Amino acid sequence: MQMLSYQAFAGRSGETFDLAMGGSDMPLTLTEVAPIAAQPYPGMLREPFALIFRSASSVVLPQRIYRLKNAALGALDVFLVPVGREPGGAVYQAVFN
């Protein structure tokens with residue numbers, strides 16, 4: 001499993017990530033990539049960061065690990081948490097620390 005980093009996502013805002021839903025995929029759009037302020041500590045492996053994804057589906061998925069596929073990054077297993085609902089769909093966040 002690869003260590004995901006802020007740098008890997010920094011230029012990917014606006015790209016589509018397909019969330020695997022068994023026999024079909026649900027597209028999510030990465031809308032925000034933000035570093036999280038943290039004091040460095042011994043053994044810290046990466047700079048903490050957060051991702052915000054938006055879906056066009058009115059269905060709000062439960063928080064859990066989902067397989068996301070992106071053309072540039074390939075397949076990634078990411079823990080997504082629903083954090084909001086908008087007129088056009090749902091909002092999900094992933095935090096890496």
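None of these values were measured; they are calculated from a predicted model.

Moving on, we get to the pattern of salt bridges. Should their charged atoms come close, side chains of opposite charge can pair. Scanning all chains against the criterion turns up three salt bridges. Glu15 is the salt-bridge partner of Arg12, the closest N and O atoms lying 3.1 Å from each other. With its nearest N and O atoms 2.6 Å apart, the salt bridge here joins Asp77 to Arg67. With Asp77 in strand E5 (residues 74-86) and Arg67 in strand E4 (residues 64-70), this pair connects stretches of sequence that are 10 residues apart. The partly exposed category is assigned to Asp77, whose relative accessible area is 36%.

Within the fold, Tyr66 resides in strand E4. Here the alpha-carbon distance between Tyr66 and Met21, two residues 45 residues apart in the chain, equals 8.6 Å. Sequence-distant contacts of Tyr66, defined by excluding residues within four places in its chain, comprise Leu19, Leu61, Leu76, Asp77, Val78 and Leu80. For Tyr66, the side chain forms a polar contact with the main-chain oxygen of Pro62, separated by 2.6 Å.

This paragraph deals with the packing of aromatic side chains. Scanning the entire structure with this criterion turns up six aromatic pairs. Residues Tyr6 and Phe49 carry aromatic rings whose centres are separated by 6.3 Å and whose planes lie at 70° to one another, so their mutual orientation is edge-to-face. Placement of Tyr6 in helix H1 (residues 6-9) and of Phe49 in strand E3 (residues 49-55) is noted, with a sequence separation of 43 residues between them. Ring centres of Phe9 and Phe49 lie 5.9 Å apart, and the angle between their planes is 35°; on these two criteria the pair is classed as tilted. Here Phe49 lies in strand E3 and Phe9 lies in helix H1, a separation of 40 residues in the sequence. For Phe9, a relative accessible area of 1% translates into the label buried. Classification of Phe49 as buried rests on a relative accessible area of 0%.

Within the secondary structure layout, Ile52 lies in strand E3. As for Ile52 and Gly14, which are separated by 38 residues in sequence, their C-alpha atoms are 11 Å apart. Ignoring any residue separated from it by four or fewer positions in sequence, one finds Ile52 in contact with Thr29, Leu30, Thr31, Glu32, Val91, Tyr92 and Gln93.

Cut-off values and rules
- Residues numbered from 1 in each chain as written.
- Predicted model: local features only at pLDDT ≥ 70, side-chain atom pairs only at ≥ 80, totals over all residues.
- Heavy atoms only, no water.
- Salt bridge = Lys/Arg side-chain N within 4 Å of Asp/Glu carboxyl O.
- Helix = DSSP H or I, 4+ residues; strand = E, 2+ residues; numbered from the N terminus.
- Buried < 20%, exposed > 50% of the residue type's maximum accessible area, 1.4 Å probe, protein only.
- Contact = heavy atoms within 4.5 Å.
- Polar contact = N/O pair within 3.5 Å; in protein donor to acceptor, adjacent residues only side chain to side chain.
- Phe/Tyr/Trp six-rings, centres within 6.5 Å; stacked < 30°, edge-to-face > 60°.

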